[in-house]
Each structure stands twice: as C-alpha cells, then as structure tokens.
Amino acid sequence: MVTIKELPRDEYIELGHAACAGCGATIAIRHALKALGGNTILTVPACCMSVIQGLFPKNALHLPVLNTAFETAGAAASGIAAGLKFMGKDKDINVMAWAGDGGTYDIGIQALSGAAERQTNFIYTCYNNESYGNTGQQRSGATPYGAFSTTTPIIGKQEHRKPMARIMAEHGIPYTASISAAYPRLVFETYSKAKDVVGTRFIEVHAMCPTGWRCATWDSVKFGKLAVETGVWIMWEKEGDEWRFLGLSKRIAEGKIKRKPLMDYLKPQGRFRTLIKDPERVKEFERGINREWEILKKRVGC
Ligand SMILES: Cc1ncc(C[n+]2csc(CCOP(=O)(O)OP(=O)(O)O)c2C)c(N)n1
Ligand code: SF4
C-alpha cells in the first residue's frame, strides 16, 4: 500500500471549495485526481459536486469540467470519450464521470448501463452519500434500510439498498470496485489501477456525509471506517473475471478479524434514531447486509 509520503503532492481540488465540513466525497475526489493526474476531463451531473466546485466564475477544480443534467453522466462521458477518440487523444486523456448515488442508482442508471454495454472507455465514479444531499437529503436507491430521510416515513426507509456496484460488475466491464472515502490511500491505489484499464470502469466510493447522516463533522472518517468495520459497507473489486475483497473487508472475509457490533455504527447517527428502537427492524437491517456478504463470498470463491 502506498504511504502518505508517496502520494503525489499535486492538488486538483483547491482549498476554499464549497463542501460541508467532513464531506467524504471531497476526500475521495482529491485522492482520485491525485491518481489520475491533470490529463483528465470530468463530467459532473447535478449533485453536491456541482456545488462543491464553487460558484461561477470561481472553480475549485483544476481540470476541464462539463457540468451536465442530472440523468446524463453516462451519456456525457460517452460523448467526451467519442470526441477524444475521433481526435486520436483517447490514450492520453482520462474521462471521468463523477456522480452521486441519486444520479447513478436512480435517474442515471439507463445512460450508465448503455455506456457500459457499449464498453465505452471511461471511468464512472458513484460517490455514495446514501441520499440526495444537494437537495436536502431525500431518499435514494442507495439509502440504507431504516435510515430516515426527508422523503421516508418517520420510521425510516422500508426497502434495502440496491447492490449497484455488483449490478455494474455483472455488465462484464473490465474493472469494478467498491471502496470507501475513509481509506484515502486505497482510493488512490484503486484509481491508479483503474487508470491503466481500457473500457468502462465503475468505482463506487462510500462517501461520509455528516449533514445527511446526522453525525458530528469531526467524526466523519470514524463513521466511514465503522461502516467497513461493522460489515455494513463491503470493499471489493472485480478485475477481468476475478473478484477480490479489499482492505479490512478482506480480513473480515478471511475470518482474521470479527465484525464490530452493528450498534457501534447505527447508534450515534441521527438518521437511524427510530430504527435502533425496534430490534426486529435492526435484525432486518442485518439480514440485508449478511445476504450481500454471502453473495460476494460466492463470487470471490471463499
Ligand atoms: C431531472 C432533475 N430532477 C431533479 C433535479 C434536482 N436535483 C439536483 S441535484 C439532486 C440530487 C442529487 O442527488 P445525488 O445524485 O445523490 O447527489 P448528491 O446531491 O447527494 O451529491 C436533485 C434531485 C434535477 N437537477 N434534475
Ligand atoms: S451534503 Fe453531504 S455529500 Fe453534500 S457536500 Fe455536504 S457532506 Fe458532502
């Protein structure tokens, strides 16, 4: 694993961006861009990242950015990739779509799935803060079972989240990863690897969002890590036909460490305030997580 000292000093997102304190998406893009470098064109659909960039004419990103409509990240990135190919520049310039979970799991899945099926040459990042953050924390297909949002019943979401990264892996694309912004060195390594792959690459980054998760900004990284330590968020990659667990999730899968108690993660977050009062619903939350572990273990072959 790369050491902190070995990380490139180049910064492509400047201080003074407009994210909330403790925003995981910002940690993730900082380290993803350190890996991809300056020869990168970004496309960003409507989401927190459209705001994080700053207000025109200022921009915290040192890269060309095509800000686009909510549902179009996959289509916009396909257009940029086609243009670069026509100009013979597709080998020198990375194309990356950077979209939220609403723009990926829900409204953007059609354009993304089409682009993946065509094996379009680009990286698609879904930074998953588990709600529609930019418009005030509405529920998305990524919001966990039992979490409160402004469009769920007071007792929280009634459905389990969609396994988006697994759905993308099953498209047969050459690279898929599920990682967390709480581990920036792994973010850097994942994008360094994805950079050299040709074709559609899908990376989902679990992105801590203290505003939506209703937790302390200074504990943001702690909660990102707790999601992995309790097994709620699973880190893995699929390279070619090979599935692998990553980081701490690998050690959990191999039985080298035990998952921390689920309540360590749920209890301090305001969005789970009503869920934790109902033991049956906590069990249902856990059932959903265990189901995903079992499916992934079969894919990995352990
Ligand atoms: C067609 C359409 N519907 C609704 C909106 C309003 N809108 C802008 S950003 C956003 C939420 C984006 O959520 P997500 O993709 O999860 O990213 P986040 O804001 O959480 O970063 C919505 C609903 C829009 N721009 N276009
Ligand atoms: S609402 Fe969440 S994802 Fe959006 S800028 Fe704030 S912390 Fe980041």
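Heads up: these notes are all about the structure in this document. Note that the structure is predicted; figures quoted are calculated from it, not measured.

**A closer look at the overall build of the chain**
Looking only at helices and strands, the chain features 12 helices and 8 strands. In terms of overall dimensions, the chain is globule-like: its C-alpha atoms have a radius of gyration of 18 Å, near the 19 Å expected for 302 residues. If you take every contact in the chain between residues at least 6 apart in sequence, the share linking residues at least 24 apart comes to 68%.

**Considerations on the sheet that holds strand S3 (residues 94-100)**
The strand order across the open sheet built from 8 strands is S2-S1-S3-S4-S6-S5-S7-S8, with neighbouring strands paired in mixed fashion. This sheet does not close on itself; its edge strands, each paired only once, are strand S2 (65-68) and strand S8 (242-245). Mean inter-strand twist for the sheet, computed between neighbouring axes without regard to direction, equals 15 degrees. Two elements, S3 and strand S4 (residues 122-128), share 5 bridges in a ladder whose sense is parallel.

**Re the site of ligand 2**
Taken together, Ala19, Cys20, Cys23, Ala25, Cys48, Ile52, Asn129, Gly133, Cys209, Pro210, Thr211 and Gly212 form the complete shell of residues around ligand 2. The set of elements that each furnish at least two residues to the shell around ligand 2 consists of helix H2 (48-52) and helix H8 (210-213). Of the residues assigned to the shell around ligand 2, the class counts are 8 nonpolar, 4 polar and no charged.

**Examining the packing of helix H3 (residues 73-86) against helix H5 (residues 109-117)**
Viewed as axis vectors pointing N to C, H3 and H5 meet at an angle of 40 degrees, and their least axial separation amounts to 6 Å. When the axes of H3 and H5 are compared, the pair comes out oblique. Between H3 and H5, the contacting residues are Ala73, Gly74, Ala75, Ala77 and Ser78 on the first element and Ala111, Leu112, Gly114 and Ala115 on the second. The class makeup of the residues in the contact of H3 with H5 is 6 nonpolar, 3 polar and no charged.

**Focus: the nonpolar core**
Core analysis: the largest hydrophobic core is formed by 90 residues, its most contacted members being Ala25, Ala28, Ala77 and Val187. In terms of residue count, the dominant contributor to this core is helix H1 (residues 24-36) (8 residues). Look past the residues within four positions of alanine 25 in its chain and what remains in contact with it is Ala19, Cys48, Met49, Tyr127, Asn129, Ala181 and Ala207.

**Description of the pairing of strand S5 (residues 175-180)**
The element S5 is largely enclosed, with a buried count of 6 among its 6 residues. Across the two faces of S5 the burial is the same, with Tyr175, Ala177 and Ile179 and Thr176, Ser178 and Ser180 all buried. As judged from the 6 bridges shared by S5 and strand S6 (residues 200-206), these two strands associate in the parallel manner. Bridge pairing links serine 180 to histidine 206 in S6. Each parallel crossover has a hand, and for S5 linked through helix H7 (residues 184-195) to S6 it is right-handed. Across 4 bridges, the pairing between S5 and strand S7 (residues 236-239) is antiparallel. Opposite threonine 176, over in S7, you have lysine 238 as the bridge partner.

**A look at H5**
Those residues of H5 that sit buried are Ala111, Leu112, Ala115 and Ala116. Taken end-on, H5 shows its buried residues confined to a sector of 130 degrees, consistent with a single buried face. Every exposed residue of H5 that faces more than 90 degrees away from the buried side is listed here: Gln110 and Glu117. Looking at the packing, one finds that the buried side of H5 touches H3, helix H4 (102-106), S4, helix H6 (164-169) and S6. Just downstream of H5 lies glutamine 119, where phi reads positive at about 55 degrees.

**Examining the site of ligand 1**
Contacts to ligand 1 come from 15 residues, most closely from Cys48, Gly100, Gly102, Gly133 and Asn134. Looking at side-chain class alone, the shell around ligand 1 contains 5 nonpolar, 9 polar and 1 charged residues.

**A closer look at the environment of tyrosine 127**
By the secondary structure assignment, tyrosine 127 is in strand S4. Considering only alpha carbons, one finds tyrosine 127 and threonine 104, 23 residues apart in sequence, at a separation of 9.0 Å. Contact partners of tyrosine 127, with chain neighbours within four places excluded, come to Ala25, Ala28, Trp98, Gly100, Val205 and Ala207.

**Focus on the pairing of S6**
A large share of S6 lies buried, amounting to 7 of its 7 residues. Alternating residues of S6 divide into Thr200, Phe202, Glu204 and His206 and Arg201, Ile203 and Val205, and every residue in both groups is buried.

**A short note on the packing of H1 against H7**
The contact between H1 and H7 brings their axes to 8 Å, and the two run at 40 degrees. Put simply, H1 runs oblique to H7. The handedness of the crossing between H1 and H7 is right-handed. Of the residues in H7, those in contact with Ile27, Ala28, His31, Ala32, Lys34, Ala35 and Leu36 of H1 are Pro184, Val187, Phe188, Tyr191, Ser192 and Lys195. When its residues are assigned to classes, the contact of H1 with H7 shows 9 nonpolar, 2 polar and 2 charged.

Rules used in this analysis
- Residues numbered from 1 in each chain as written.
- Chains lettered and ligands numbered in written order.
- Predicted model: local features only at pLDDT ≥ 70, side-chain atom pairs only at ≥ 80, totals over all residues.
- Helix = DSSP H or I, 4+ residues; strand = E, 2+ residues; numbered from the N terminus.
- Rg over C-alpha atoms; globule rule 2.2 N^0.38 Å.
- Contact = placed C-beta atoms within 7 Å.
- Pairing = 2+ DSSP bridges.
- Axes fitted to C-alpha atoms, helices over the stretch in contact; angles between N-to-C directions.
- Near = placed C-beta within 6 Å.
- Nonpolar A, V, L, I, M, F, W, Y, C, P; charged D, E, K, R; others polar.
- Parallel < 35°, antiparallel > 145°, perpendicular 65-115°, else oblique.
- Core = buried A, V, L, I, M, F, W, Y, C linked by C-beta atoms within 7 Å.
- Buried ≥ 20, exposed ≤ 12 C-beta atoms within 10 Å, placed from the backbone.
- Right-handed = clockwise from strand over helix to strand, strands pointing away.
- Arc of directions from axis to C-beta.
- Left-handed = near helix turned anticlockwise from the far one by under 90°.

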